2 protein chains.
Amino acid sequence: MPRAPQRSETMSIARLAKHLGLSEGTVSRALNNYPDIADKTIARVRKAADELGYRPSTTARRLARGVVETIGFVLPARHGHQIDPFLAEILDGLATELALSDWDLLVAAVPEGHDEVEVMDRLIRSGKVGGFVIARTRRHDPRIDYLRKSHIPFVVQGRTEDCDDYAWLDIDNEKAFIDAMGHLVGLGHRKIAYLGGDPDLNYAWQRRSGYLSAAKTHGCDVLDGYLHDGITDEMAARHAVADLLKHPDRPTAILCVTDAVAIGAIHALAHAGITVGEEISVIGFDGLPMGEAIHPGLTTMSQASYQVGRAVGRIVVEQANAPASEFSQILWEATLTIRGSANPPAPKLVTNAKGGIS
Amino acid sequence: MPRAPQRSETMSIARLAKHLGLSEGTVSRALNNYPDIADKTIARVRKAADELGYRPSTTARRLARGVVETIGFVLPARHGHQIDPFLAEILDGLATELALSDWDLLVAAVPEGHDEVEVMDRLIRSGKVGGFVIARTRRHDPRIDYLRKSHIPFVVQGRTEDCDDYAWLDIDNEKAFIDAMGHLVGLGHRKIAYLGGDPDLNYAWQRRSGYLSAAKTHGCDVLDGYLHDGITDEMAARHAVADLLKHPDRPTAILCVTDAVAIGAIHALAHAGITVGEEISVIGFDGLPMGEAIHPGLTTMSQASYQVGRAVGRIVVEQANAPASEFSQILWEATLTIRGSANPPAPKLVTNAKGGIS
DNA sequence: TTGTACGCGTTATCAC
DNA sequence: GTGATAACGCGTACAA
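Residues numbered from 1 in each chain as written. Chains lettered and ligands numbered in written order. Predicted model: local features only at pLDDT ≥ 70, side-chain atom pairs only at ≥ 80, totals over all residues. Heavy atoms only, no water.

### Comments concerning the overall build of chain A
Secondary structure assignment for chain A yields 13 helices and 12 strands. With respect to the principal axes defined by its C-alpha atoms, chain A has extents near 90 × 40 × 35 Å. Residues classed as buried in chain A amount to 52% of the 358 residues present. Charge separation in chain A, taken as the distance between the mean sites of 38 positive and 45 negative side-chain charges, equals 6 Å. (Helix = DSSP H or I, 4+ residues; strand = E, 2+ residues; numbered from the N terminus. Buried < 20%, exposed > 50% of the residue type's maximum accessible area, 1.4 Å probe, protein only. Lys, Arg positive; Asp, Glu negative; His and termini not counted. Charge placed at Lys NZ, Arg CZ, Asp CG, Glu CD.)

Okay, here's the thing in structure tokens:
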């Protein structure tokens with residue numbers, strides 16, 4: 001006798017079949033809804049399987065069928081600073097949706113000294129995953145270049161600049177920031193600064209574009225020193241705000257690429273003795289719960305991360321089940337959540353004042 | 001010939017063996033460091049495997065070996081409110097550590113209408129995971145009762161009240177809150193209120209115990225209305241603070257079970273026109289980056305979530321490799337991070353004033 | 001409607 | 001030191 005880890009405790013299809021006096025093949029077909037099995041037999045098999053707690057081995061099933069019902073998600077490499085606050089929400093939504101179709105979620109990190117594509121390649125080649133969900137998408141993203149060639153289903157949360165030939169779900173970041181600018185302009189602001197993130201990340205680039213485009217539309221001059229890129233944490237936000245406060249033509253409003261940056265900015269302003277929401281308005285993006293808890297409350301563009309995760313999960317499973325179908329390409333809108341941090345500019349600073357301070 | 005998904009593209013051990021003119025067995029042993037293969041052969045096989053991009057199928061390997069090098073993590077069910085902020089950090093650390101041992105991380109959600117134990121049972125029975133990491137541990141936790149019986153390796157982040165017979169890694173929450181109380185008392189506070197979480201969750205219970213124990217030690221009366229349980233979000237924190245402000249003997253400090261609650265409390269106090277850090281001090285727990293960005297900065301007990309994830313990952317793999325060994329039971333300490341939200345009480349309210357207001 | 005037999009890719013055991 | 005061969009548990013084409 002060879003070896004093989006004796007799992008006599010485990011209920012296998014062989015033991016179930018013997019117990020029923022049927023062949024393994026019949027049992028398998030009965031449990032997998034084959035049309036050519038007698039209803040009686042199906043019922044009998046089902047009942048026994050249930051009673052004996054039989055659960056097919058995913059491993060064996062994979063080997064036999066050659067498909068892997070597992071989606072891979074590679075956590076963005078953390079270079080020092082912490083992970084996106086809504087990543088957990090997306091994962092939650094993703095896992096929930098996948099569970100509905102009996103798919104699993106494999107989460108992988110990128111070890112020091114390796115890169116994301118390498119990790120993904122290993123996961124595919126070793127047959128651990130049958131599809132991918134990508135997040136934190138860059139304008140040009142090597143992960144997507146890789147996946148395009150690899151013929152496995154994948155869905156991108158966000159998108160690259162060339163995004164015709166794959167499935168994605170993105171927030172309309174550009175529109176969101178055009179809307180945010182519209183809100184500020186409607187309140188009477190014209191001198192609006194921008195604290196942007198890493199312009200390689202496409203969401204940051206799109207938001208920046210929205211800001212610039214709306215500034216042009218509304219005739220708001222983006223003065224030298226109004227536009228800051230590479231603001232990715234509170235510390236950077238503080239320094240940028242310090243610069244803005246020294247600006248000869250101080251802005252009356254600051255638009256921020258994320259809530260985290262906005263909260264850093266608010267902190268810096270408060271420290272400088274500036275009343276946020278009166279002397280200077282601030283708007284963020286994300287809709288973090290924290291924005292509601294700070295003072296003043298953060299006016300922000302909200303996105304539903306959990307729902308994004310669910311939708312992305314649904315799409316990737318659909319794609320795996322119908323590989324030849326069209327790519328879903330979906331654009332969702334962020335919604336403006338108005339709180340205390342953005343109000344009409346202080347009268348003395350306004351050319352055309354239209355109202356007081358709330 | 002039956003069917004079988006033709007994966008002629010994939011490099012299997014059979015194709016590799018044929019290419020080399022060797023038997024599959026020899027190739028397998030060469031790649032798996034068997035002692036009885038000629039060094040030349042090993043080198044030759046290695047080289048060919050590398051060149052042809054051979055990567056053993058995890059599925060087939062699992063079936064043959066009967067082991068699953070995958071750890072399951074069940075996301076805490078979200079009943080409305082959002083997910084723990086440091087969960088992503090823990091997952092990141094966990095996945096990173098697992099990757100070092102070539103283990104994987106399977107993340108599962110609990111679908112509506114099911115419970116966590118059910119999900120875990122399915123994952124084990126279907127052979128999808130070979131171990132578990134548990135978080136958000138309750139004082140009595142059915143998940144752990146289940147795992148104790150199931151003879152698979154698992155590690156608990158946190159612990160139940162009866163925790164002798166399994167591996168865990170916990171923060172010393174009780175000591176942390178004793179320390180926090182010590183800090184407040186050292187500053188001159190005696191009237192200290194507590195905003196606690198769900199007392200079924202053991203971390204919340206432990207922190208509560210630390211508060212009560214230190215209050216007794218230092219002779220701080222926990223007046224009627226000073227101790228609030230079940231504060232799990234900012235809204236609840238606000239209501240509780242409103243109550244505290246109406247208290248005939250208003251506290252000079254508020255200790256909060258988490259940073260999220262503390263930030264909610266700070267907001268509520270600010271709204272009521274109370275200067276946080278002067279009229280009333282606030283201390284939280286977690287060390288969220290946000291605590292640094294708010295005003296005043298949040299004095300808090302910090303824990304290193306990412307490192308917790310890494311340690312837990314290391315332990316669970318160790319346990320899988322040496323099932324008979326002792327259970328690791330590790331207690332880490334949180335560290336006090338002092339910022340602006342906690343200072344000596346306002347002089348008029350203090351019996352024994354020892355200093356001014358910073 | 002059901003039983004038979006083979007294959008998925010790998011590893012372990014036993015001969016040679 | 002290497003080659004056969006039998007499992008691991010399941011799915012399915014084909015025969016009955």
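### Side note on the relation of the copies chain B and chain A
By a simple turn and slide, chain B fits onto chain A: the slide is 0.1 Å along the axis, the RMSD is 0.2 Å, and the turn is 180°. What the superposition gives is, in effect, a two-fold axis relating one chain to the other. Identified as the residue of chain B closest to the rotation axis by C-alpha distance is Leu106 of chain B, at 2.3 Å. Both copies present the same face, since 100% of the interface residues in chain B are matched by interface residues at the equivalent positions in chain A. (Least-squares fit on C-alpha atoms with pLDDT ≥ 70 in both. Contact = heavy atoms within 4.5 Å.)

### A few points about helix H4 (residues 58–65) of chain A
When H4 of chain A is considered as a whole, its buried residues turn out to be Thr58, Thr59 and Arg62 of chain A. Seen along its axis, H4 of chain A keeps its buried residues to an arc of 100°; they face one direction. Contacts from the buried residues of H4 of chain A go to strand S1 (70–74) and strand S2 (104–108) of chain A together with helix H4 (58–65) of chain B. Backbone geometry just downstream of H4 of chain A places Gly66 of chain A in the positive-phi region, at approximately 75°. (Arc of directions from axis to C-beta.)

### Concerning empty space enclosed by the protein
Per the counting criterion, the structure on display carries 4 cavities of 30 Å³ or more. Taken as a whole, the largest cavity holds about 200 Å³ of empty space. Around the largest cavity, the lining comprises 18 residues; the ones closest to its centre are Phe86, Arg136, Gln157, Gly158 and Tyr203 of chain B. At the level of secondary structure, the elements contributing two or more residues to the lining of the largest cavity comprise helix H5 (87–100), strand S5 (167–171) and helix H9 (202–217) of chain B. Per-element accounting of the lining of the largest cavity gives the leading share, 4 residues, to H9 of chain B. For the lining of the largest cavity, a count of residues per class yields 6 nonpolar, 7 polar and 5 charged. Formed jointly, the lining of the largest cavity draws a minimum of three residues from each of two domains, domain 2 (70–171 + 306–333) and domain 3 (173–303) of chain B. Empty space within the second largest cavity amounts to approximately 100 Å³. Together, Arg62, Thr70, Asp104, Leu106 and Lys128 of chain A together with Arg62, Thr70, Asp104, Leu106 and Lys128 of chain B line the second largest cavity. Looking at the lining of the second largest cavity, the elements that each hand over two or more residues are S2 of chain A together with strand S2 (104–108) of chain B. For the lining of the second largest cavity, the class distribution of residues is 2 nonpolar, 2 polar and 6 charged. (1 Å grid on protein atoms, 1.4 Å probe; cavity = no way out; pocket = protein on both sides within 12 Å on 5 of 7 lines; lining within 4 Å. Points joined across faces, edges and corners; volume = space filled by probe spheres on them. Nonpolar A, V, L, I, M, F, W, Y, C, P; charged D, E, K, R; others polar. Domains from an automatic or database assignment.)

### A word on helix H6 (residues 116–125) of chain A
Of all the residues in H6 of chain A, the buried ones are Glu116, Val119, Met120, Leu123 and Ile124 of chain A. Looking straight down H6 of chain A, one finds that the buried residues subtend no more than 130° of arc, so they occupy a single side. Buried residues belonging to H6 of chain A abut S1, S2, strand S3 (131–134) and helix H7 (142–150) of chain A together with S2 of chain B. For H6 of chain A, the capping residue at the N-terminal end is Asp115 of chain A, with a side-chain oxygen 3.2 Å from the backbone nitrogen of Val117 of chain A. At the exit of H6 of chain A stands Gly127 of chain A, carrying a positive phi of roughly 70°. (Polar contact = N/O pair within 3.5 Å; in protein donor to acceptor, adjacent residues only side chain to side chain.)

### Brief notes about the interface of chain B and chain A
Size of an interface, as often reported, equals the accessible area lost when the parts are brought together. If you look at the interface, chain B gives 56 residues, while chain A gives 56 residues. Each partner contributes to the roughly 5000 Å² buried at the junction of chain B and chain A, and carbon and sulfur atoms together form 57% of this total. On the chain B side of the contact with chain A, Arg55, Thr59 and Met290 of chain B bury the most area, a combined 12% of that side's loss. In this structure, the salt-bridge partner of Asp104 of chain A is Lys128 of chain B, at a minimum N-O distance of 3.0 Å. Our count for the chain B to chain A interface comes out at 12 residue pairs in polar contact (both at pLDDT 80 or more). Here the residues of the side of chain B that touches chain A are counted per class, giving 27 nonpolar, 13 polar and 16 charged. Sheet analysis places S2 of chain A next to S2 of chain B, joined by 3 bridges and oriented antiparallel. Opposite Leu106 of chain A, over in S2 of chain B, you have Leu106 of chain B as the bridge partner. (Buried area = accessible area lost by both parts, 1.4 Å probe. Salt bridge = Lys/Arg side-chain N within 4 Å of Asp/Glu carboxyl O. Pairing = 2+ DSSP bridges.)

### Examining the domain arrangement of chain A
Residues and elements named next belong to chain A. Per the domain assignment, the segments making up chain A are domain 1 (13–56), domain 2 (70–171 + 306–333) and domain 3 (173–303). With 12 residues of domain 2 at the interface, the matching set in domain 3 holds 13 residues. Note on domain 2 versus domain 3: buried area summed over both sides is about 1300 Å², and carbon and sulfur give 49% of it. At the surface where domain 2 touches domain 3, the tally comes to 1 salt bridge. Its salt-bridge partner being Glu333, residue Lys175 comes within 3.3 Å of it at the nearest N-O pair. The interface formed by domain 2 and domain 3 includes 7 residue pairs in polar contact (both at pLDDT 80 or more). Tallied by class, the residues present in the side of domain 2 that touches domain 3 amount to 3 nonpolar, 2 polar and 7 charged.

### Comments concerning the sheet that holds S5 of chain B
The 12 strands are arranged S11(A)-S5(A)-S4(A)-S3(A)-S1(A)-S2(A)-S2(B)-S1(B)-S3(B)-S4(B)-S5(B)-S11(B) in an open sheet whose pairing can be described as mixed. The two strands at the open ends of the sheet, each matched to only one other strand, are strand S11 (329–332) of chain A together with strand S11 (329–332) of chain B. The average undirected angle you get between the axes of adjacent strands in this sheet is 20°. Of the strands in this sheet, S1, S2, S3 and strand S4 (154–157) of chain A together with S2 of chain B are in contact with helix H5 (residues 87–100) of chain A, which crosses S2 of chain A at around 150°. Here H5 of chain B sits on the sheet in contact with S2 of chain A together with strand S1 (70–74), S2, strand S3 (131–134) and strand S4 (154–157) of chain B, set at roughly 150° to S2 of chain B. (Axes fitted to C-alpha atoms, helices over the stretch in contact; angles between N-to-C directions.)

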